[in-house]
Amino acid sequence: MEGRRDLRLFVQVPWTIYADDPVWVPPLLLERRQHLSPRNPYFAHAACRFWIADRGGRPVGRISAQVDQLYLDRYRDDTGFLGLLEAEDDAEVFHALLKTAETWLRHQGMRRALGPFNLSINQECGLLVAGFNTPPSFMMGHAHPYYGSRIEQQGYKKQKDLLAYRIDAHFTMSALLQSVVARAGSHVRIRPLRKSHFSRDLWILQDIFEDAWSKNWGFVPFTKAEFKHLGQSLKFLVDDEFIQIAEVDGVPAAMIVVLPNLNEVIRDLDGRLLPFGWLKLLWGLKVAHPKTVRVLLMGVRQRYHNSLLGAALALMLIEAVRSFALKRGIKEAELSWILEDNMGMRNIIESIGGSRTNATASMAGTLSEGILAVNTPSATKASIWTNRQYPLQH
């Protein structure tokens, strides 16, 4: 893929693939082009290639391949990544796309392909495998039911399950949980982001996130430029009260970042902000307000993991955001992604009424190793896919 014309075609492939899908939400074309432009700070540490599958002058699929130097420096396992995969229900198209991307990764010295990531684990990841009749939340993927089997046919198996929980904003905290919060006492202070000290608070959020997530599967830290780039988006999209920081004896210890579900606002724009799409976006975001939100980031410093104080910090952050959300008329929140083996966070979420679907339990059992996702009214589940059957070799 070369030049602006090819970039435009690449970005617009999903419009062909999902033309008849009533729940697909067209992303903003401007945002997608910026995401794939050299201005994205991700490309400062990652080499990428993009391909479009064409049949008779008509696009029938696309794929990307990435080699992330930050990942390689951390794990040294010769793993490259696949992403942005979209294709018609045709085994030949899936084969051509995946093998083309694998060949490029092999030439970069990679021995394993993992994906899909769009473009990294800190951005969109996951391939829908159940709940196809539910519109995705903002920055959550969508796919047709045939994607999973087509990918498996090329030798890929599930590597890691990712979960998403849905929770009613009017949940009631049990007496036991209230006592856990009460025991934290005066040692804990919860405060919102301060836009008057935006750069300082942004650094605090990054520092907590990296400490809290550093031992998680597949973790790759944000660069300062990447987190600053994320922060600029948050500054426009998110009210201060949707970003909360917990301090223990005055020291930042935990944080939460909640996004309004922008997909509620943009689903009828067909990806376009001109001529009047931007007015609809501003009205929906700042005046009408979405009725659902997504918890994008949440983290508690490792020193508090598996402790009552750590649980209290998480609960207090959720409650602080919820209080503001209820004033805004928020009805439901999605908490995603949660790694399948993050039992501490899963237990906290389930203790306040969070629920996830069981629709993919059997499929997860039959897929022994890849990135798959499920999106249902109650939850989302995803899995990371890797090609172990045909490892990449020189």
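See the structure above.
Computed from a predicted structure; not experimentally measured.

Observations regarding the packing of aromatic side chains
As enumerated under the stated definition, the model contains 16 aromatic pairs in all. With 5.4 Å between their ring centres and 55° between their planes, Phe-209 and Phe-222 make a pair best called tilted. Taken together, the positions of Phe-209 in helix H7 (residues 198-213) and Phe-222 in the loop between H7 and helix H8 (224-237) put the pair 13 residues apart, joining distant regions of the chain. Both residues of the pair, Phe-209 and Phe-222, count as buried. Here a set of aromatic residues connected by ring pairs shows up, and it is made of Phe-209, Trp-213, Phe-219, Phe-222 and Phe-227. One Lys or Arg, Lys-286, reaches over the ring of Phe-236 and ends 5.5 Å from the middle of that ring. Above the plane of the ring of Phe-171 lies Arg-322, whose end atom (NZ or CZ) is 4.1 Å from the centre.

Regarding the nonpolar core
By size, the foremost hydrophobic cluster in this structure holds 70 residues, and its most contacted members are Leu-205, Phe-242, Ile-256, Ile-266, Leu-297 and Leu-313. No other element matches helix H11 (residues 308-327), which puts 11 residues into this core. For Leu-313, the residues in contact, after removing those within four places along its chain, are Val-188, Ala-246, Val-248, Ala-253, Ala-254, Val-300 and Tyr-304.

Overview of the pairing of strand S11 (residues 251-260)
The buried count for S11 comes to 9 of 10 residues, which makes it a mostly enclosed element. Taken together, the 6 bridges between strand S10 (residues 243-248) and S11 define a ladder with antiparallel strand orientation. When the sheet's bridge partners are listed, Ile-243 is paired in S11 with Val-257. Following S10, the chain reverses through 2 residues before pairing antiparallel with S11; Asp-249 in that reversal takes a positive phi of roughly 50°. Sheet topology places S11 next to strand S12 (residues 292-300); 7 bridges connect them, and they run antiparallel. Note that in S12 the partner of Val-258 across the bridge is Val-295.

So, how was this worked out
Residues numbered from 1 in each chain as written. Predicted model: local features only at pLDDT ≥ 70, side-chain atom pairs only at ≥ 80, totals over all residues. Heavy atoms only, no water. Phe/Tyr/Trp six-rings, centres within 6.5 Å; stacked < 30°, edge-to-face > 60°. Helix = DSSP H or I, 4+ residues; strand = E, 2+ residues; numbered from the N terminus. Buried < 20%, exposed > 50% of the residue type's maximum accessible area, 1.4 Å probe, protein only. Lys NZ or Arg CZ within 6 Å of the ring centre and 35° of its normal. Core = buried A, V, L, I, M, F, W, Y, C linked by side-chain atoms within 4.5 Å. Contact = heavy atoms within 4.5 Å. Pairing = 2+ DSSP bridges.

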